Amino acid sequence: MKQTTNTILMIRPVGFRMNEQTAVNNYYQKVLDNVLPSTVNAKAQEEFDNYVEKLRSFGINVIVVSDTEDSDTPDSIFPNNWISFHQEGTVGLYPMFAENRRLERREDVLDILEKEGFVIENVVDYTSAESEGMFLEGTGSLLLDRVHKKAYCALSPRADEDLFIEFCEDFEYTPVIFTANQTVNGERKAIYHTNVMMCLGETFSVICLASIDDKKERKNVLKHLKEDGKEVIDITEAQVNNFAGNMLQVQGINKERFLVMSQAAYESLTQAQISKIEKHCKIISSSLDVIEGCGGGSARCMMAEVFLPRE
């Protein structure tokens, strides 16, 4: 098993905007006062294209699929929430909290990957849970340590505990469950996705420990990270607000490792934190201000990692 891949699937947006259906529990979204709605999608496309170009310049294999114009899918730029790809040729399909996000799931994405030479043996589909009001939003909710077969999950309205346990049984992962919170108008509220406050690299983890209010849960998460030999790089809630938790380690040319993040995330880090990360791998950052502002997601959310075997 390997933790990082060279191939990333990304969806180029056609109707990107702030999604009112996700804003109810994604407290990172905001209306951008200085950007006209008509220019939001154009700005997002520009950020997207620059980001893809930057990834490819480091030898990362990016498969870009355009969103379709016939459905209202303002968040299609974040495919990691509805699909995951695994080394044994399995695809996971996930139940989404927002009704308009369910329209993002597309059969043709699987066809495109098969045309690219990837093998899909079977599909594990959890989407029927939507009818029961249960959700688990892919690798937004699930942080997978693929080497040690552990899955980390911060429970929230978008990450149901029973469904998470079911995933762990199906894919043979050990569940590590906790709650991560952020302060919203003076109240502690669940962070909507695990991958906003935590990133798992091969030999390190970037995590906001202060967001795990329960001391026992925090201790348990740390125990798992440390027993798997990961250096823990702690970030603050203010840094989480700048998407410093929303990072992904990927492989470039000759299997060189990179940690990918947004420009805002990079600029929020201290020199000491950057030095710690750079002991493990180089950093790639790209400006995603409009996508982060309207979408409430960042660099990690935009990448669905492809671990499928090749023909």
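Treat the numbers as computed from the prediction; the structure is a model and nothing was measured. Residue positions are given per chain, counting from 1 as you read along its sequence in written order. Local features are withheld for residues below a pLDDT of 70 in this predicted model, meaning they are given only at 70 or higher, and side-chain atom pairs are given and counted only at 80 or more; totals for whole chains, interfaces and linings count all residues. Side-chain measures here rest on the full set of heavy atoms in the structure, leaving out hydrogens and waters.

**Q** So what exactly am I meant to see when it comes to the environment of Gln251 here?
**A** Turning to its location among the elements, Gln251 is positioned in strand E14 (residues 248-251). For the exposure calls, accessible area comes from a 1.4 Å probe over protein chains only, and a residue counts as buried if that area is under 20% of its type's maximum, exposed if over 50%, partly exposed in between. Using a relative accessible area of 7% as the deciding quantity, one classes Gln251 as buried. Sequence-wise, Gln251 and Ile83 are 168 residues apart; in three dimensions their C-alpha atoms are separated by 20 Å. Residue contacts are counted whenever heavy atoms from the two residues lie within 4.5 Å of one another. Apart from residues no more than four positions distant in its own chain, Gln251 is found in contact with Thr4, Thr5, Asn6, Gly59, Ile60, Glu256 and Arg257. At 3.0 Å, the side chain of Gln251 and the side chain of Thr4 are in polar contact. Secondary structure follows DSSP: runs of H or I at least 4 residues long count as helices, runs of E at least 2 residues long count as strands, and numbering of each begins at the N terminus. Residues adjacent in sequence count toward polar contacts only when both atoms are side-chain atoms; beyond that, a polar contact is any pair of N or O atoms within 3.5 Å, and within protein one must be able to donate a hydrogen and the other to accept it.

**Q** So what exactly am I meant to see when it comes to the sheet that holds strand E17 (residues 304-305) here?
**A** What links the strands of a sheet is backbone hydrogen bonding, and the strands pair in either a parallel or an antiparallel sense. Ordered by their spatial adjacency, three strands build an open sheet running E2-E1-E17, and the pairing between neighbours is mixed. Strand pairing shows two members of the sheet lacking a second neighbour, strand E2 (61-66) and E17, which therefore form its edges. Strands pair, by our definition, only if DSSP identifies at least two bridges between them. As judged from the six bridges shared by strand E1 (residues 7-12) and E2, these two strands associate in the parallel manner. Looking across to E2, one finds that Met10 is bridged to Val64. Here, axes are lines fitted to C-alpha atoms. For helices the fit covers the stretch in contact, and angles between N-to-C directions go from 0 to 180 degrees. Across the sheet, helix H2 (residues 107-115) lies against E1 and E2, angled at about 145 degrees from E2, the strand it touches most.

**Q** Help me out: how do you make sense of empty space enclosed by the protein in this one?
**A** The gaps left among the atoms become clear once a water-sized probe is rolled over them. A 1.4 Å probe that fits but cannot get out identifies a cavity on a 1 Å grid over protein atoms alone, an open set with protein on both sides within 12 Å along at least five of seven lines counts as a pocket, and a residue lines either if it has an atom within 4 Å of a point. Grid points are joined across faces, edges and corners, and a volume is the space filled by probe spheres set on the points. Counted under the stated rule, the structure contains four cavities of 30 Å³ or more. Taken together, 17 residues line the largest cavity, and the ones lying closest to its centre are Leu143, Leu144, Leu248, Arg300 and Glu305. Contributing elements (two or more residues each) for the lining of the largest cavity: strand E6 (143-145), strand E11 (198-200) and E14. Considering every element that reaches the lining of the largest cavity, the biggest residue donor is E11, with three residues. Put simply, Ala, Val, Leu, Ile, Met, Phe, Trp, Tyr, Cys and Pro go in the nonpolar bin, Asp, Glu, Lys and Arg in the charged bin, and everything else, Gly too, in the polar bin. Across the lining of the largest cavity, the residue classes tally to nine nonpolar, five polar and three charged.

**Q** When you look at the pairing of strand E9 (residues 181-184) in this model, what are you seeing that I'm missing?
**A** Two elements, E9 and strand E10 (residues 187-190), share four bridges in a ladder whose sense is antiparallel. If you follow Thr183 over to E10, its bridge partner there is Arg188. If you look at the hairpin formed by E9 and E10, you'll find two residues sitting between the two strands, and Asn185 has a positive phi there, around 50 degrees.

**Q** Got a minute to help me understand the packing of aromatic side chains in this structure?
**A** Two aromatic rings from Phe, Tyr or Trp, using only the six-membered ring of Trp, form a pair when their centres are within 6.5 Å; if the ring planes differ by under 30 degrees the pair is stacked, by over 60 it is edge-to-face, and anything between is tilted. Under the counting rule described, the total for this entry stands at seven aromatic pairs. Between the aromatic rings of Tyr94 and Tyr126, the centroid separation amounts to 5.9 Å while the plane-to-plane angle is 20 degrees, which identifies the pairing as stacked. Of this pair, Tyr94 sits in the loop between strand E4 (90-93) and H2 while Tyr126 sits in the loop between strand E5 (122-125) and helix H3 (138-141), placing them 32 residues apart in sequence. Among the residues examined, Tyr94 registers a relative accessible area of 0% and is labelled buried. Under the relative-accessibility criterion, Tyr126 is labelled buried at 4%. Through pairs of rings, three or more aromatic residues link up here, namely Tyr94, Tyr126, Phe167, Phe171 and Tyr173.

**Q** Quick question: what am I supposed to make of the nonpolar core here?
**A** A general trend in soluble globular proteins is that nonpolar side chains are found buried together. Tyr152, Phe178, Met197, Met198, Ile207 and Val221 are the most contacted members of the largest nonpolar core, which totals 36 residues. In this structure, Val221 is in contact with Tyr152, Val176, Phe178, Met198, Ile207 and Ile212, ignoring residues within four places of it in sequence. Formed by 26 residues, the second largest nonpolar core is a distinct cluster that contains Val40, Tyr51, Ile291 and Met303. Residues grouped as a nonpolar core are buried Ala, Val, Leu, Ile, Met, Phe, Trp, Tyr and Cys residues, joined through side-chain atoms within 4.5 Å.

**Q** For this particular structure, what's the right way to read the pattern of salt bridges?
**A** It is possible for side chains of opposite charge to pair when their charged atoms get near one another. For this analysis, a salt bridge means a side-chain nitrogen from Lys or Arg found within 4 Å of a carboxyl oxygen belonging to Asp or Glu. One pass over the structure, following the stated rule, counts 16 salt bridges. A salt bridge links Glu227 to Lys150, with the shortest nitrogen-to-oxygen separation between them at 2.7 Å. Within this pair, whereas Glu227 is found in helix H6 (residues 215-227), its partner Lys150 is found in strand E7 (residues 150-154), the two being separated by 77 residues in sequence. Accessibility expressed as a relative area gives 6% for Lys150, which makes it buried. Between Glu305 and Arg300 there is a salt bridge; the shortest N-O distance is 3.0 Å.

**Q** Explain helix H4 (residues 161-171) here, please?
**A** Residues spaced three or four apart along an α-helix point in a common direction, a consequence of the helix completing one turn every 3.6 residues. Of all the residues in H4, the buried ones are Leu163, Phe164, Phe167, Cys168 and Phe171. Axial view of H4: buried residues confined to an arc of 145 degrees, hence all on one face. Facing away from the buried side of H4, by more than 90 degrees, are the exposed residues Asp162 and Glu169. Summarising the contacts, the buried residues of H4 are in contact with E4, E5, E6, E7 and strand E8 (174-178). Sitting at the head of H4, Asp160 places a side-chain oxygen 3.0 Å from the backbone nitrogen of Asp162. Within two residues after H4, Glu172 carries a phi angle of roughly 60 degrees, on the positive side. Here, the arc refers to the directions that run from the helix axis to the C-beta atoms.

Function cannot be read off these values alone, since they describe shape.
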